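Residue-level structural notes
Letter by letter, the chains look like this.
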Amino acid sequence: MLDSCGRTINYLRISITDRCNLRCRFCMPEGGVDNIPHKEILRYEEILEVTRAAAELGIDRYRISGGEPLLRRGVESFLQELANQEGTNRVSLTTNGLLLADKVDVLAKAGLNAVNVSLDSLNEKRLKRLCGGGSPTQIIKGIDAAIKASLKVKVNTVLLRPVLSELAEFITFSEERQVPIRFIEFMPLDQETASRTGEEVVPVPELVAALEQLGTLVTEKGPEGCGPSRYFRLAERKATIGIISALSSPFCDTCNRIRLTADGRLKPCLASPVEIDVKSAIRSGATGEEIKKLIRQTIEAKPKAHQLADGEKPQRSMCKIGG
Ligand code: SAM
Ligand code: SF4
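Residues numbered from 1 in each chain as written. Chains lettered and ligands numbered in written order. Predicted model: local features only at pLDDT ≥ 70, side-chain atom pairs only at ≥ 80, totals over all residues. Heavy atoms only, no water.

1. Points about the nonpolar core
For the record, the criterion: Remark: nonpolar core denotes a set of buried residues (Ala, Val, Leu, Ile, Met, Phe, Trp, Tyr, Cys) joined through side-chain atoms within 4.5 Å. Partly exposed residues are those whose accessible area sits between 20% and 50% of the maximum for their type, while under 20% is buried and over 50% is exposed, using a 1.4 Å probe and protein chains only. Numbering of helices and strands runs from the N terminus, with a helix taken as a DSSP run of H or I at least four residues long and a strand as a DSSP run of E at least two residues long. The contact criterion used throughout is that any non-hydrogen atoms of two residues lie within 4.5 Å.
Counting residues in each nonpolar core, the largest one holds 93 residues, and the members touching the most others are Leu260 and Ile295. In terms of residues, this core owes the most to one element, helix H1 (residues 44-56), which gives 6 residues. Residues within four places of Ile295 in sequence aside, it is in contact with Val50, Ala53, Ala54, Leu57, Ile258 and Leu266.

Rendered as structure tokens:
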């Protein structure tokens with residue numbers, strides 16, 4: 001379906017949980033977040049009611065996210081149902097990778113096409129400081145298992161100051177495995193993470209300058225389904241480097257997505273405070289047509305561009321929206 005700016009909307013990002021086994025300082029407020037009570041979380045059958053209606057409006061690709069999506073029981077069979085649903089073209093997943101090694105073969109068999117894995121440091125101590133836990137060894141085990149299972153893999157790193165000291169290692173990592181490494185500009189979605197992370201945020205030009213210290217940067221065509229990332233490589237090297245700069249060079253003109261939160265709210269844009277309550281509609285017995293109407297309203301509410309740089313706030317931290 002086209003939105004009011006003429007953009008084709010064919011992509012739904014689904015958060016299946018707000019729970020997480022990490023506490024990344026750029027994503028969660030200091031004391032963590034209050035978990036949404038289980039009964040308020042959409043059941044898988046309810047999510048599938050939304051995706052069936054979405055498919056009729058032209059949505060054909062889905063990303064499962066969270067919180068940490070691999071923590072939710074039954075994700076494998078949910079994914080299989082979604083992948084087999086009429087109209088589904090691609091299902092991908094965003095994960096912190098800690099549980100990936102154990103689950104990836106089943107997920108691949110269930111129909112998963114691609115996985116984005118967050119790896120915010122290659123250094124054990126630094127990762128623990130940034131993310132409140134985790135182990136690069138375990139995450140890399142998951143990445144290697146996903147590559148072995150023939151999934152399309154991308155590695156995501158939020159662009160904070162400590163990353164600059166690991167650039168050369170990240171490039172070697174990408175080169176050795178032939179997976180793109182993407183640096184994501186920090187997005188200030190809530191006040192607390194924004195002020196906590198403030199001094200550590202690296203402006204994109206500083207990243208580019210640091211990369212240029214390592215070699216000549218050449219623009220590259222991204223891999224299939226490259227979404228909002230701009231891609232580069234270093235001349236003479238084989239690493240693919242992505243930069244996602246939602247704040248400093250927004251990609252709103254080509255945005256093709258809407259979102260569904262774990263507690264059943266449709267969101268037209270990550271940054272927008274607008275939320276449309278599809279859960280109450282489903283729980284009061286809404287028909288497919290009525291759910292389609294809410295999805296249409298969400299698509300129609302998509303702003304021309306986000307206003308994050310001017311202080312727009314979605315009133316939820318990233319882990320509660322599903323980044
Ligand atoms: N737990 C999974 C993970 O970490 O990959 C999925 C959910 S997480 C919210 C999705 C993505 O959002 C991750 O790549 C994470 O690094 C990114 N993210 C979280 N907070 C962010 C922020 N404030 N700015 C930019 N990206 C952020
Ligand atoms: Fe959890 Fe992912 Fe947020 Fe880190 S970025 S706290 S792993 S949801």
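2. Notes on helix H4 (residues 124-131)
Heads up, the rule is: Here, the arc refers to the directions that run from the helix axis to the C-beta atoms. Counting of polar contacts relies on pairs of N or O atoms within 3.5 Å, with two restrictions inside protein: one atom must be capable of donating a hydrogen and the other of accepting it, and residues adjacent in sequence are counted only when both atoms are side-chain atoms.
Those residues of H4 that fall on the buried side of the exposure criterion are Leu127, Leu130 and Cys131. Taken end-on, H4 shows its buried residues confined to a sector of 75°, consistent with a single buried face. Summarising the contacts, the buried residues of H4 are in contact with helix H5 (136-148). Where H4 begins, one side-chain oxygen reaches toward the backbone nitrogen of Lys125, 3.0 Å away; that side chain belongs to Asn123. Of the residues trailing H4, Gly132 is marked for its positive phi of about 70°.

3. Things to note about the packing of H1 against helix H11 (residues 288-300)
Let me state the cut-off plainly: Fitted lines through C-alpha atoms give the axes, limited to the stretch in contact for helices. The angle between two N-to-C directions lies from 0 to 180 degrees. For classification purposes, angles smaller than 35 degrees are called roughly parallel, those larger than 145 roughly antiparallel, those between 65 and 115 roughly perpendicular, and all remaining angles oblique. Three classes are used: nonpolar for Ala, Val, Leu, Ile, Met, Phe, Trp, Tyr, Cys and Pro, charged for Asp, Glu, Lys and Arg, and polar for all others, with Gly counted as polar.
Their axes nearest at 9 Å, the elements H1 and H11 cross at an angle of 70°. One element, H1, and the other, H11, form an angle in the roughly perpendicular class. Touching Glu49, Val50, Ala53, Ala54 and Glu56 of H1 are Gly288, Glu289, Ile291, Lys292 and Ile295, all from H11. By residue class, the composition of the contact of H1 with H11 is 5 nonpolar, 1 polar and 4 charged.

4. Side note on H11
Spacing of three or four residues puts side chains on the same side of an α-helix, whose turn is 3.6 residues. This is how it is decided: What a helix should span is 1.5 Å times the count of its residues minus one.
Taking 1.5 Å per residue, 13 residues should reach 18 Å; H11 reaches 18 Å between its end C-alpha atoms and fits that length. Taken together, the buried positions of H11 are occupied by Ile291, Lys292, Leu294, Ile295, Thr298 and Ile299. Seen from one end, H11 has its buried residues packed into an arc of 160°, which puts them on one side. For H11, the elements touching its buried residues are H1, strand S10 (257-260), strand S11 (265-267), strand S12 (276-277) and helix H10 (278-283).

5. Concerning the site of ligand 1
Heads up, the rule is: Being near a molecule or strand, for a residue, means having at least one of its heavy atoms within 4 Å of it. Computed with the Shrake-Rupley method and a 1.4 Å probe, the accessible areas treat only the protein chains shown as cover for residues.
The local shell around ligand 1 holds 18 residues, among which Phe26, Gly67, Thr95, Ser118 and Met187 are the closest. A distance of 3.2 Å separates an oxygen atom of ligand 1 from a polar backbone atom of Thr95. Note that a nitrogen atom of ligand 1 is positioned 2.8 Å from one of the backbone N or O atoms of Met187. Calculation on ligand 1 without its partners gives an accessible area of 550 Å², and the protein chains cover 94% of this total. Every element with two or more residues in the shell around ligand 1 is listed here: strand S3 (90-95) and strand S5 (152-158). Its residues assigned to classes, the shell around ligand 1 comprises 7 nonpolar, 9 polar and 2 charged.

6. Let's talk about unusual backbone geometry
In this model, Ser150 sits at a positive phi of 65°, which is unusual for a non-glycine residue. Tracing the backbone through its elements, the reader meets Ser150 in the loop between H5 and S5. With a relative accessible area of 63%, Ser150 lands in the exposed category. With phi around 75°, Glu236 is a residue other than glycine that occupies positive phi space.

7. Section: the sheet that holds strand S4 (residues 114-118)
As a reminder, the rule being used: Paired strands are those between which DSSP finds at least two bridges.
A sheet is described by the order of its strands in space; here 12 strands give the open sequence S7-S8-S9-S6-S5-S4-S3-S2-S1-S10-S11-S12, paired in mixed fashion. With one partner strand each, in any of the chains shown, strand S7 (217-220) and S12 form the two edges of the open sheet. By the bridge criterion, 4 bridges tie S3 to S4 in an arrangement that is parallel. Bridging across to S4, Thr94 finds its partner in Asn116. Contacting strand S1 (11-15), strand S2 (61-65) and S3, helix H2 (residues 75-84) crosses the sheet at an angle of about 170° to S2.

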